[in-house]
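Residue-level structure breakdown
This is what each chain is made of:
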Amino acid sequence: KGRMPVRSAYFGRNELSERCRDMIRERGSVSAADVAIQAMRDKGLDPDKDKAVKRDFVRRILVTLHDLRKYGHIQKIGFGRGVRWQAVAVDDSLP
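For clarity, every value in this text was computed on a predicted model and none was experimentally measured.

Some details on the packing of aromatic side chains
Between two aromatic rings, the relevant description is the distance of the centres plus the angle of the planes. This structure, assessed with the given rule, holds 2 aromatic pairs. Geometrically, the ring pair formed by Tyr10 and Phe57 is edge-to-face, given 5.3 Å between the ring centres and 70° between the ring planes. With Tyr10 in the segment before helix 1 (15–27) and Phe57 in helix 3 (residues 51–70), this residue pair connects regions lying 47 residues apart in the sequence. What makes Tyr10 partly exposed here is its relative accessible area of 36%.

Right, dumping it as structure tokens:
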């Protein structure tokens, strides 16, 4: 658990946070596995065959989702393996 100290060769700078935000915008709520599977398909990898790469992607995406939650951009729904993430509702009535 914790930070991934080495940058992945699969992802560019800020690519993970952009992917997470885009998928949340499109789908409303997502799991880390949803984002990982889509990222693998976009990069021409098979999520069913490359289990180690999928596990690495999910861990990196979870770190990114936790960071986005810490900054107040998204919220966590549920606990454990079934956890989902969604955008924080913005209240326009506040000054």
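What to know about the sheet that holds strand 3 (residues 84–87)
Pairing in this open sheet of 3 strands is antiparallel, and the strands run 1-3-2 from one edge to the other. Bordering the open sheet on either side are strand 1 (29–30) and strand 2 (74–77), each of which pairs with just one other strand. Sheet contacts for helix 3: strand 2 and strand 3; angle to strand 2, the most-contacted strand, approximately 115°.

Comments concerning helix 3
Between its terminal C-alpha atoms helix 3 stretches 28 Å, which fits the 28 Å expected from 20 residues at 1.5 Å a residue. Turning to helix 3, its buried residues are Phe57, Val58, Arg60, Ile61, Val63, Thr64, Leu65, Asp67 and Leu68. Summarising the contacts, the buried residues of helix 3 are in contact with helix 1, helix 2 (32–42), strand 2 and strand 3. Looking one or two residues past helix 3, Gly72 carries a phi angle of roughly 85°, positive in sign.

Some points on the side chain of Arg19
Take Arg19: it is sitting in helix 1. On the basis of relative accessibility, which here comes to 17%, the residue Arg19 falls in the buried class. For Arg19, the residues in contact, after removing those within four places along its chain, are Phe11, Val35, Gln38, Ala39, Asp42 and Lys43.

Thresholds, definitions, all that
- Residues numbered from 1 in each chain as written.
- Predicted model: local features only at pLDDT ≥ 70, side-chain atom pairs only at ≥ 80, totals over all residues.
- Heavy atoms only, no water.
- Phe/Tyr/Trp six-rings, centres within 6.5 Å; stacked < 30°, edge-to-face > 60°.
- Helix = DSSP H or I, 4+ residues; strand = E, 2+ residues; numbered from the N terminus.
- Buried < 20%, exposed > 50% of the residue type's maximum accessible area, 1.4 Å probe, protein only.
- Pairing = 2+ DSSP bridges.
- Contact = heavy atoms within 4.5 Å.
- Axes fitted to C-alpha atoms, helices over the stretch in contact; angles between N-to-C directions.
- Expected span 1.5 Å × (residues − 1).

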